[in-house]
Amino acid sequence: MDEIKPTRIDEASLDRLLGIESSKIGYYAEVKQKIRELEVANANLRAKQSELQAVFDSISDGVLVYNGSGSIQHRNHICPRLFPEQTLPGKTCRELFHPETELAPKLCPVEKALAGESNQISFTNTSAGGENRYFDVTASPIFDPQGQTRALVFLRDVTVRRVQELHLVQAEKMSSIGMLAAGVAHEINNPLTSVAGYAEALLRRFREDPELENNQILAVFPEYLQVIMRESYRCKNIIDSLLTFSRRSDGSVGLVDINEVIDEVLDLVRNKARQEAVSIEEDRRRDIARVKADAAALRQVFMNLTMNAIQAIKGAGHISIRTFSVDDQVVAEIRDTGCGIPPEHLDQIWDPFFTTKSVGNGLGLGLAITYNIIKRHQGHIEVVSQVNQGCTFRVRLPICQT
């Protein structure tokens, strides 16, 4: 019998025998597959993150995310424009919504959202220059799978809309006052007619009765009656101008003398000018041709320009009004010694609701209306201005060819 010899198996042979090498290859292949899958997943996550960031940044409102403790985690690029300091990451809701108090659970939109309540509020922010800005805020809770709550906040700047609303309210008030003024003017006009009529009758009796005229005691009466008549008719002219100005225009077009329109406007604004220590200088050619226009609309134009000139002057100053003809145009020029218009505002003054005046001193509609009226009459309006040197508005209207 042959002797059985022991077989020596080394480690490499044992690996081959047990298939360990193949197992390693399979394991490594599986790991490489997992790595590729993770790389693809990470790429998809990065794409989703970029997509969400693009959406986040494309929103025209300010967007903030507050964590559970009320501190800012994220903000979009709009927030630094609205509130550069108050919306820095890590700042709390107190910085923006309730700087006076540590907590405001009944008022703060962030604290309400963190408590699970979606809410909307409006608030006003006053800048260092004293300018008010108005914001609408929408806050909603974000519930995490871990049970934590964050707050998503949208900030919308509604200053332009709110200012326009305030202007429209003021315009409605002014419209109501205009209607009341017209009624009051009618009521005043009647007794003034009586006063002037009786003064004329008395003066006529003095002239017709020699005894009265030669009575030394009554010697000053004719002079007094002349003053009463003159001032009564002056008041009547002012009231007639007010009634004419307040009367609703029917859009009818006719031949209009620019100087007559300016006369009616000056009857109404002279007292305001005197109160403001503003003198009115005139250099008007009375022989200029008439224009084909809506007289009521032109009254509005020159009232707007004259009142703007008075309001632009702080303290004593003067306004000069010129009318003249150039070629086939009638030109009316109103110049003031006021504050002038900054160059950056010159292109905006014709826009509706644009104004540098405080609320209550102007609606920002006067120049927009003026521009549209002049354009409707195939005319032109231009402005020349220097800051602190005054302003000149020049209206050009075509002469009526008849």
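Definitions and cut-offs
- Residues numbered from 1 in each chain as written.
- Predicted model: local features only at pLDDT ≥ 70, side-chain atom pairs only at ≥ 80, totals over all residues.
- Heavy atoms only, no water.
- Helix = DSSP H or I, 4+ residues; strand = E, 2+ residues; numbered from the N terminus.
- Buried < 20%, exposed > 50% of the residue type's maximum accessible area, 1.4 Å probe, protein only.
- Contact = heavy atoms within 4.5 Å.
- Areas by Shrake-Rupley, 256 points an atom, 1.4 Å probe, with all protein chains shown as cover.
- Expected span 1.5 Å × (residues − 1).
- Polar contact = N/O pair within 3.5 Å; in protein donor to acceptor, adjacent residues only side chain to side chain.
- Axes fitted to C-alpha atoms, helices over the stretch in contact; angles between N-to-C directions.
- Parallel < 35°, antiparallel > 145°, perpendicular 65-115°, else oblique.
- Left-handed = near helix turned anticlockwise from the far one by under 90°.
- Nonpolar A, V, L, I, M, F, W, Y, C, P; charged D, E, K, R; others polar.
- Pairing = 2+ DSSP bridges.
- Salt bridge = Lys/Arg side-chain N within 4 Å of Asp/Glu carboxyl O.

Quick look at the overall build of the protein chain now. Scanning the protein chain from terminus to terminus reveals 11 helices and 12 strands. Taken across its 402 residues, the protein chain has 32% of its residues classed as buried. Partitioning the intrachain contacts of the protein chain with sequence separation of at least 6 by distance along the chain shows that 57% fall at a separation of at least 24. Taken as a whole, the protein chain presents about 25,500 Å² of accessible surface, with 53% of it coming from carbon and sulfur.

With that settled, consider helix α10 (residues 295-312). In this model α10 runs 26 Å from its N-terminal to its C-terminal C-alpha over 18 residues, within 8% of the 26 Å that 1.5 Å per residue would give. Buried within α10 we find A297, L298, R299, V301, F302, M303, N304, L305, T306, A309, I310 and A312. The N-cap of α10, judged by a side-chain oxygen 3.1 Å from the amide nitrogen of A296 a few residues on, is D294.

A few words on the packing of α10 against helix α11 (residues 366-376). Remark: α10 packs on α11, axes separated minimally by 9 Å, with the N-to-C direction vectors making an angle of 140°. It follows from the interaxial angle that α10 and α11 lie oblique. The chirality of how α10 crosses α11 is left-handed. Here A297, L298, Q300, V301, N304, L305 and N308 of α10 come into contact with α11, specifically with G366, L367, I369, T370, I373, I374 and R376. The residue makeup of the contact of α10 with α11, split by class, is 8 nonpolar, 5 polar and 1 charged.

In this model, A277 sits at a positive phi of 60°, which is unusual for a non-glycine residue. With respect to the element layout, A277 can be found in the loop between α9 (258-275) and β7 (278-284). We note that Q378 has phi near 55°; this positive angle belongs to a residue other than glycine. Within the fold, Q378 resides in the loop between α11 and β11 (380-386).

In this structure, A309 sits in helix α10. Along the backbone, A309 and D336 are 27 residues apart, and their C-alpha atoms lie at a distance of 5.6 Å. The contacts of A309, once residues within four sequence positions are left out, are I319, I334 and D336.

With that out of the way, let us pick up the pairing of strand β5 (residues 149-157). Note that strand β1 (residues 62-66) and β5 share 5 bridges and pair antiparallel. Across the sheet, residue V63 finds its bridge partner in β5, namely F154. The sheet contact formed by strand β4 (residues 132-143) and β5 spans 9 bridges and is antiparallel. Note that in β5 the partner of F135 across the bridge is D157. The antiparallel pairing of β4 with β5 creates a hairpin that spans 5 residues between the two strands, and G147 there sits at a positive phi of about 90°.

Turning our attention to the pattern of salt bridges. Tallied over the entire structure, the rule returns 21 salt bridges. Between E231 and R234 there is a salt bridge, and its shortest N-O distance comes to 3.7 Å. Of this pair, E231 and R234 both sit in helix α8 (residues 221-246), 3 residues apart, which is roughly one turn of that helix. A relative accessible area of 40% places R234 in the partly exposed class. R322 is the partner of E333 in a salt bridge, and the nearest nitrogen-oxygen pair spans 3.2 Å. Of this pair, E333 sits in strand β10 (residues 329-336) while R322 sits in strand β9 (residues 317-326), placing them 11 residues apart in sequence. Its relative accessible area of 30% is what places R322 among the partly exposed residues.

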